[in-house]
Amino acid sequence: MIEQHGSEREALRTVGAPIRRYGGAARVSGQQDFLADLPFPDAAAVALVTLPVACATVTGIDGKRAMEMPGVIAVVSAADLPQPVPRFGISHQDRPVLADGEVLFHGEPVAAVVAETLDQAEAGAREVEVAFEERPGVYNVDQALATGAPLVRDPSRRPEDDENRDSNVLETALYEWGDTTAAAGEAAVIVENTYTFPMVTHFPIEPGGTVAVPTDAGGLDIYSPVQHPYLLQRTIATVTGLPLSQVRVFAPDPGGGFGGKQTPRLEPLLAFLALQTGRPCRLVLSLEQTFQMMRRAACRVKARTGFADDGALIFHELHCDFLIGAYADVAPRVMTKGSYVGAGPYRIPHARTASRAVMSNTTPSTAFRGFGAPQVAWATESQLDAGARALGLDGLQIRRRNLVNVGEAFFRGPYEATADGHWHEALEKAAELIGWGQPLAPGRGRGIAVAIKPGATSGLSQSLVRFLADGSAIAYAGTSDMGQGARTLWQQILADELGSPLDKIRVVSGDTGVVPFDLQTSASRSTVFMGNAVLEACRDIRKRVLALFAESTGVDEAMLSEAPGVLITPDGELSLLEASRIALGALGGEFVGQGTARMRGRKGHPLGGDAAFYEFNCTAIEVEVDVETGELLLHRHVSVSDVGTELNPIQVTSQDEGASIMGLGHSQMEQLLLDDHGVIRNLGALDYRIPTFKDVPVELITHGIENHDGPGPYGSKGISEGALLCTAGALGSAVSDAIGIPIRDLPLTPERVWTALHPDAADHPGGEEPA
Amino acid sequence: MIPTEDQSADEVGADLVVVTCSVNGESARVSVPPHRTLMDALRNELGLTGTKTCCAEGECGACTVIVDGATVNSCLMLAAEAEGCDILTVEGLGAGEPGGLCDLQESFLEAGAVQCGFCIPGQVMAAEYLLRTNPDPSVDEIREGMSGNLCRCAGYQRIVAAVELTARKRATR
Amino acid sequence: MRYYRPATTAQAVAALASQPHTSRILVGGTDLLVAVRHRSAQPTLVVDIKGVRDLTAPISVDEQGITFGPTATMGDVIAHPTVREWFPALVEAAGLVGSVAIRNRASLIANSANGSPAADTSPPLVSFNASVTITSVSGERTSLLREFFLAPRRTLCEPGEMVTSLRVPRPSPGSSSAFERMTRRRGVDLATCSVGAVVDADGAMTVGLGALGPTTLLGGPVAPIDLTSQEQLERAVDALLAPATPIGDIRAGKAYRTAMARVLARRAVLRAAARRTDPDRLTGRSS
Ligand SMILES: Cc1cc2nc3c(=O)[nH]c(=O)nc-3n(C[C@H](O)[C@H](O)[C@H](O)COP(=O)(O)OP(=O)(O)OC[C@H]3O[C@@H](n4cnc5c(N)ncnc54)[C@H](O)[C@@H]3O)c2cc1C
Ligand code: FES
Ligand code: FES
């Protein structure tokens, strides 16, 4: 952690100010080049061949007719790839470059057609004949865990000592302290319920895609809007056998990522197509294809919770089944991390969380804002409310009673985790802003919920900063700027630490060929990790200026000191620019500073290490329910996050507002619906509903608690996920307050709310054929 | 001249339509296959990639442009239909303004409405049309007028603020 | 696919007749181009009629009613003062179609001609007793809109034909109307179901029903009732919804859709009835 003194903070000019987004002008004027905007004049177009079912054995692929179509350059299936077909993945190398004899989810490509134009590639793809036999698949938790269920992964593909190899369970996690069974006797009230959280998809407005360009030297340039260019570089190198130095990844800024653009999916395929055809190969995904490439794990949580008379938690028991999809991706990690904080930020003497990552014949689930935490928080927060109802308490009272104080453990045992912020402040602030306790109009209800999410647990971020002869500066920082405005923050740090004007600062990222390694842009880690690296690089420059100034002028180093933007000499303060000119002398030149932020993991820790910080959020909602239709009208939505320090208030507000509304998406309307063949029925923007302008609550209020107690620059913490962690809990609580009936399945569509009010009218939505 | 039935639906690029129109005040002439959408023609034939593609079926608004004074989802208009039309894209909005940005674009930056930025060109075009047809919109009118433009970063509140800010700026101009 | 922009109705219908089964009319493209993208329509010839000079004018008003031409857009419908005064339910429905940009392009006639049972403007039009004129190389014919819809995506407008005008008779004095729609979210969405209601001066009621059967349906007329009587109102709603055959689909289950039909019918009838004497800001009462 970098020390920051109060007086120094006052000296900051741009940090803490609502500086405009770096790269904003290009984005409002249409000049920003996203992947699909990059010109590749000689690129060939790629179209994918997929099946109309989710689970099948592929018995033959015939590309002859397709090859005869005008413009078609190549038809590639698994047989045309190195054998055995290379597989890749983070924890499990299980995903084949192309479906290898079997299709395990709807949309998994079995072949690719490369042609001169996109029209020709698509026409060619329609002519590829695929012979296949549909197999019974598993599409939900119940099916996947049923005895005798078809296995997504053949046991022969799993390690012999894997105790779950004859099931669809890929991995498990268990967190336990105290003795929940024994504790049951102490509880005054025990509530036991099952909660579900649906499959939802990221739906970035930029669908994304990849261009693979063979280089003259026999290597590959890969263009892909990934949050994680270095992982992609490594993956491509591994599957193709090329050295890292021959694989260069260009990562244009993603048009929205939310976790969905972290891991490689089709890039390895594009790499092989480029190597085989010798042509740059370009695939820009449709929104439908994007749906088939990324989603959040659905989750079913069985919860049993005991409370004392006064509302104090006695024990809390969770069984979480994450429906992860056909390949592992990062889903096992989502399961372990989401479950780690599953019991919530509470003081719980006895707790047990047992979770499973369950494979199914669905889109492989991946990282998605909140990383497993929202799914479990939905259950835990609803349980707190259930306990409160049983005890005649309200949602605020029971949380006041149980929320940990700063420094107090919410996760116990050898790898104890404690509150790293004054979370009660956020709870009270949210209660105040929602008007908790004030009389409610008829038909309305209020709810409040809290949740936490662990930040990164290990990692490495590096940055280089060049301070140029005219006082302008360039930061090289690998963080991908997908909307959170990371570059704006680096720009602010440089401006304050070096005294350079904002408009003379450039930030370079998204090119593994020139930018030093950064682990990834995820887990809201960038502000803390890369921020510290950038800060350290700036301070490194100041030290170098000081040293060279001493050498050039003969002033004793001990007589000099530096501070943000200045060198302090016995004769007074010099701006850093002036000092650097004097230091460099007639030869000129520039200063280069380096910064590294490394966090080592902790051996044996279930997450691999202690979290650098926790994102804490409290959300409170006032809702009006139309009891005739089940429609919800959100009158007020309050989100309060513990942010440490707001480096850029307007960015914090926009992240919090955005996450709040995204949280309303999975709470109110979003869900992927599958048919009996595992085919996504609402594939595309028409029937997969996300919030629009008109779905924004009448009033949406966000607030940041600032205690300058984070490990990031100037006491900041990571933000940007917090505001969706407990949206569902708050909304569910408000709805049940309004209608007197708790609903335990998301999303709270009008139909679901109405059905809760009319239990006799049971009828499966989506049971019959579409009109 | 009535075309004949010698063309199969699948035969692509067999027939080209020549379209002459005005794009951002300059006359443009492109030759495209009849099924080519205006969105694709702007992006590919004219290199105006500020107009974005997301859903390609009218649901998201990323491809919004102004044709003959009214907003259009350019993914649902054939390039061939643009014959003789006057088209304004995001690239043309701030042309000639100091810094290349019009007051509305400036307001988007000022209000913090830009996150990833992918939806923003479409948002800006929809907002420009809204303000042309209703110079002093209420919050509800802004939400209604913009509801065809999705933002997954969900900068909706900031965009509403940007539109209000622009309306105020224009009222005092 | 070829694109053709005829200058006269005769050219247009001749072109349609030349490839009757694979030609399609193009107006706003908001249905057709979506269908082409999904390959649920694969026309060999697209006939863009927006340049046809002798087409019926978009909106023309006379003493007896209003005639809409094929190029009248939802935006035109919403903005027209007489339409607003006479047909508030139509204006409400047209104002809910898609987004502003969609309404700038989507044509009123195509909303019906497309034959979707969920089309928003068809229920009010049916309840207003609208009729359409269908033209082909062999001449013209006229049909009531309520008889126009045959099945999902099938209408009386045969391959090679085109709807050249939509006529809506002026509502009887003292009557009024209202449109209600249920959707899954507040922003742009297709109807889970919809009801357009007309209530006459004497209280007789008619409804048009959307997404409650294979086609847009007509319910009623139902004789006047005492609207303050809950019981009579429920009975009237029963009668008005008699033709409905709601099913479950991706937008809603059958039970919910069935229940919503009742809610919407009740609300639409009450709002239309109230509007007769207490014109709200949308419209005056028909005089
Ligand atoms: C994003 C989006 C949202 C939408 N929301 C709604 C909604 O909320 N409610 C709703 O009801 N609809 C909605 N629609 C559907 C659509 O906008 C309407 O059906 C529209 O009115 C169709 O008009 P158009 O001019 O665009 O038709 P086109 O696409 O040009 O034509 C549609 C079909 O009708 C045929 N046709 C057109 N004109 C004639 C004619 N004169 N004679 C015979 N056949 C003809 C065409 O050949 C074609 O098959 C939405 C569409 C989109 C893309
Ligand atoms: S791309 Fe045109 S509306 Fe989505
Ligand atoms: S700014 Fe990212 S989608 Fe709108």
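## Structural notes on the overall build of chain B
Consideration 1: Looking only at helices and strands, chain B features 6 helices and 5 strands.
Consideration 2: Ordered by position from N to C terminus, the α and β elements of chain B give β-β-α-β-β-β-α-α-α-α-α.
Consideration 3: On C-alpha atoms alone, chain B measures out to a radius of gyration of 17 Å, which is about the 16 Å that the 2.2 N^0.38 rule sets for 173 residues.
Consideration 4: Along the first, second and third principal axes, the C-alpha set of chain B runs to 60 × 30 × 25 Å.
Consideration 5: Buried positions account for 65% of the 173 residues belonging to chain B.

## Focus on helix α1 (residues 9-18) of chain C
All names here are of chain C.
Consideration 1: Regarding α1, the residues found buried are Thr9, Ala12, Val13, Ala15 and Leu16. Buried residues along α1 cover an arc of 155 degrees about the axis, so they all sit on one side.
Consideration 2: Looking at the packing, one finds that the buried side of α1 touches β1 (2-4), β2 (23-26), β3 (45-48), β6 (131-136) and β10 (162-169).

## Section: the interface of chain B and chain C
Consideration 1: Contact with chain B, which involves 34 residues of that partner, is made by 37 residues of chain C.
Consideration 2: When the two sides are added together, the surface that chain B and chain C hide from each other amounts to roughly 2,900 Å², 55% of it contributed by carbon and sulfur.
Consideration 3: Seen at the junction of chain B and chain C, the total is 5 salt bridges.
Consideration 4: Of the charged contacts in the structure, one is a salt bridge between lysine 50 of chain C and glutamate 81 of chain B, with a shortest N-O distance of 2.5 Å.

## A look at the interface of chain A and chain B
Consideration 1: At the interface, 53 residues of chain A touch 49 residues of chain B.
Consideration 2: In this assembly, chain A packs against chain B so that about 4,200 Å² is buried in total across both faces, 59% of it on carbon and sulfur atoms.
Consideration 3: For chain A, the biggest contributors to the area lost against chain B are Val28, Ile205 and Phe693 of chain A; these three give 22% of the whole.
Consideration 4: The salt bridge partner of lysine 52 of chain B is aspartate 37 of chain A, with a shortest N-O separation of 2.5 Å.

## Overview of the environment of phenylalanine 613 of chain A
Residues and elements named next belong to chain A.
Consideration 1: The topology assignment puts phenylalanine 613 in the loop between β27 (591-599) and β28 (614-625).
Consideration 2: Owing to a relative accessible area of 0%, phenylalanine 613 belongs among the buried residues under this scheme.
Consideration 3: Spatially, the C-alpha atom of phenylalanine 613 lies 44 Å from that of threonine 553, the residues being 60 residues apart in sequence.

## Some details on the site of ligand 1
Consideration 1: Taken together, 35 residues sit near ligand 1, with Arg24, Ile25, Thr30, Asp31 and Ser107 of chain C positioned nearest.
Consideration 2: Two or more chains meet at ligand 1, and those chains are chains B and C.
Consideration 3: In this structure, an oxygen atom belonging to ligand 1 sits 2.7 Å away from a main-chain N or O atom of leucine 32 of chain C.
Consideration 4: Contributions of two or more residues to the shell around ligand 1 are made by β2, α6 (100-105), α7 (108-113) and β10 of chain C.
Consideration 5: By residue number, the principal contributor to the shell around ligand 1 is α7 of chain C, which donates 4 residues.

## Considerations on the domain arrangement of chain A
Residues and elements named next belong to chain A.
Consideration 1: As far as domains go, chain A holds domain 1 (6-32 + 459-599), domain 2 (35-135 + 202-293) and domain 3 (298-456 + 605-757).
Consideration 2: Here the C-alpha centroids of domain 2 and domain 3 sit 35 Å apart.
Consideration 3: Both sides together, the interface formed by domain 2 and domain 3 hides about 2,400 Å², and carbon and sulfur atoms give 64% of it.
Consideration 4: Of all residues in domain 2, the largest losses of buried area upon contact with domain 3 belong to His106, Phe258 and Phe291, amounting jointly to 24% of the total for that side.
Consideration 5: Inspection of the domain 2/domain 3 interface yields 1 salt bridge.
Consideration 6: A salt bridge links aspartate 329 to arginine 265; the shortest N-O distance between them is 3.9 Å.
Consideration 7: Here the side of domain 2 that touches domain 3 gets 3 residues from one element, more than from any other, and that element is helix α9 (residues 287-291).
Consideration 8: Each residue belonging to the side of domain 2 that touches domain 3 can be placed in one class, and the counts come to 13 nonpolar, 9 polar and 7 charged.

## Concerning the packing of aromatic side chains
Residues and elements named next belong to chain A.
Consideration 1: Counting across every chain of the model gives 20 aromatic pairs over all chains.
Consideration 2: Aromatic side chains phenylalanine 203 and tyrosine 688 sit 6.3 Å apart centroid to centroid with 45 degrees between the ring planes, which places their arrangement in the tilted category. Of the two residues, phenylalanine 203 sits in the loop between β10 (189-197) and β11 (209-214) while tyrosine 688 sits in the loop between α17 (649-669) and β30 (699-705), which places them 485 residues apart along the sequence.
Consideration 3: Judged by its relative accessible area of 0%, phenylalanine 203 falls in the buried class.
Consideration 4: Look at tryptophan 423 and phenylalanine 616: their rings are 5.0 Å apart centre to centre, the planes differ by 10 degrees, and that puts the pair in the stacked class. Of this pair, tryptophan 423 sits in helix α13 (residues 423-434) while phenylalanine 616 sits in strand β28, placing them 193 residues apart in sequence. Phenylalanine 616 carries the same exposure label as tryptophan 423, and that label is buried.
Consideration 5: Ring pairing ties together the aromatic residues Tyr175, Trp177, Tyr340 and Phe411, which thus form one cluster.
Consideration 6: When the ring centre of phenylalanine 368 is taken as reference, the NZ or CZ atom of arginine 296 above it lies at 4.2 Å.

## Notes on the sheet that holds strand β8 (residues 129-134) of chain A
All names here are of chain A.
Consideration 1: Read across the sheet, 3 strands follow the order β6-β2-β8 without closing on themselves; strand pairing throughout is antiparallel. The two strands at the open ends of the sheet, each matched to only one other strand, are β6 (102-103) and β8.
Consideration 2: Strand direction decides the pairing type here: strand β2 (residues 56-62) and β8, joined by 6 bridges, are antiparallel. Pairing of glycine 60 across the sheet is with alanine 131, part of β8.

## As for helix α4 (residues 118-127) of chain A
Consideration 1: Those residues of α4 of chain A lying buried are Gln120, Ala121, Ala123, Gly124, Ala125 and Glu127 of chain A.
Consideration 2: In this fold, the buried residues of α4 of chain A make contact with β1 (44-49), β2, α3 (64-67), β3 (72-77), β7 (111-115) and β8 of chain A.

## Let's talk about empty space enclosed by the protein
Consideration 1: Under the definition given, this model contains 15 cavities of 30 Å³ or more.
Consideration 2: When its volume is computed, the largest cavity comes out at roughly 180 Å³.
Consideration 3: Surrounding the largest cavity, 17 residues form its lining, Gly209, Ser224, Arg265, Glu267 and Leu285 of chain A being those nearest its centre.
Consideration 4: Here the residues of the lining of the largest cavity are counted per class, giving 8 nonpolar, 6 polar and 3 charged.
Consideration 5: Lining the second largest cavity are 16 residues, with Arg21, Gln651 and Ser654 of chain A together with Gly112 and Val114 of chain B sitting closest to its centre.
Consideration 6: At the level of elements, α17 of chain A together with α3 (103-110) of chain B are the ones that each hand at least two residues to the lining of the second largest cavity.
Consideration 7: In terms of residue count, α17 of chain A provides more of the lining of the second largest cavity than any other element does, 4 residues in total.
Consideration 8: Across the lining of the second largest cavity, the residue classes break down as 6 nonpolar, 8 polar and 2 charged.

How each quantity is defined
- Residues numbered from 1 in each chain as written.
- Chains lettered and ligands numbered in written order.
- Predicted model: local features only at pLDDT ≥ 70, side-chain atom pairs only at ≥ 80, totals over all residues.
- Heavy atoms only, no water.
- Helix = DSSP H or I, 4+ residues; strand = E, 2+ residues; numbered from the N terminus.
- Rg over C-alpha atoms; globule rule 2.2 N^0.38 Å.
- Buried < 20%, exposed > 50% of the residue type's maximum accessible area, 1.4 Å probe, protein only.
- Arc of directions from axis to C-beta.
- Contact = heavy atoms within 4.5 Å.
- Buried area = accessible area lost by both parts, 1.4 Å probe.
- Salt bridge = Lys/Arg side-chain N within 4 Å of Asp/Glu carboxyl O.
- Near = heavy atom within 4 Å.
- Polar contact = N/O pair within 3.5 Å; in protein donor to acceptor, adjacent residues only side chain to side chain.
- Domains from an automatic or database assignment.
- Nonpolar A, V, L, I, M, F, W, Y, C, P; charged D, E, K, R; others polar.
- Phe/Tyr/Trp six-rings, centres within 6.5 Å; stacked < 30°, edge-to-face > 60°.
- Lys NZ or Arg CZ within 6 Å of the ring centre and 35° of its normal.
- Pairing = 2+ DSSP bridges.
- 1 Å grid on protein atoms, 1.4 Å probe; cavity = no way out; pocket = protein on both sides within 12 Å on 5 of 7 lines; lining within 4 Å.
- Points joined across faces, edges and corners; volume = space filled by probe spheres on them.

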